[in-house]
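# Observations on the three-dimensional arrangement
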Amino acid sequence: MFVVEQLPHGASPGDDWVVLVRGPEGVTVVRAARPVDSGERWIGFYSGATAHGLDVPGMLAAIVKPLAEAAISVFVASTSHADLVLVPERKEQQAVIVLKEAGHQVEGGDDETREPLWSQR
């Protein structure tokens, strides 16, 4: 479970961030949700089990396209070998169904993170 926050330039994101992106509008921070957090919570789908290089086209599109067609919002962060795709917590079940129908394998993460994992077809 994650939260996505927008901080002004110069604000400290703390030490518990998972994704940190600095842009012209400020700093976007993704971090594990804490019990006291209010606002929307996001579930993460991570493609780390099927790592890929930067030269492999279409990996991210293969997951984002079916979610977009199902009107499921996403927030995406990528590394040089995997993608983290966040969907609103309230859309988790629908997202799992949509991804499976698109031919992806979706597995539950470990009990600690509860992050679903997906594998490309």
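All of these numbers come straight from a predicted model, not from anything done at the bench.

## With respect to the environment of Gly-108
- With respect to the element layout, Gly-108 can be found in the loop between β7 (105-107) and β8 (117-119).
- For Gly-108, a relative accessible area of 63% corresponds to the exposed category.
- Sequence spacing of Gly-108 and Phe-45 is 63 residues, and the spatial spacing of their C-alpha atoms is 9.4 Å.

## Some words on the pattern of salt bridges
- One pass over the full model with this rule turns up six salt bridges.
- Note that Glu-40 and Arg-90 form a salt bridge whose closest N and O atoms lie 3.1 Å from each other. One end of the pair, Glu-40, is in the loop between β3 (26-32) and β4 (42-46); the other, Arg-90, is in the loop between β6 (83-88) and α2 (92-101), and 50 residues separate them in sequence.
- You can call Arg-90 exposed: its relative accessible area is 63%.
- The salt bridge involving Lys-65 is made with Glu-69; its shortest N-O contact spans 3.3 Å. With Lys-65 and Glu-69 both in helix α1 (residues 59-69) and four residues apart, this pair spans about one turn of that helix.
- We classify Lys-65 as exposed; its relative accessible area is 54%.
- Put simply, Glu-5, Asp-16, Arg-31, Arg-34 and Asp-37 are held in one network by salt bridges that share partners.

## Quick notes on the pairing of β3
- With six of seven residues buried, β3 lies mostly within the body of the structure.
- Relative to β3, strand β1 (residues 2-7) runs antiparallel, the two sharing six bridges. Residue pairing across strands places Phe-2 opposite Ala-32, the latter belonging to β3.
- Direction of pairing for strand β2 (residues 17-23) relative to β3: antiparallel, over a ladder of six bridges. Bridging across to β3, Val-19 finds its partner in Val-30.

Reading the values: rules and limits
- Residues numbered from 1 in each chain as written.
- Predicted model: local features only at pLDDT ≥ 70, side-chain atom pairs only at ≥ 80, totals over all residues.
- Heavy atoms only, no water.
- Helix = DSSP H or I, 4+ residues; strand = E, 2+ residues; numbered from the N terminus.
- Buried < 20%, exposed > 50% of the residue type's maximum accessible area, 1.4 Å probe, protein only.
- Salt bridge = Lys/Arg side-chain N within 4 Å of Asp/Glu carboxyl O.
- Pairing = 2+ DSSP bridges.

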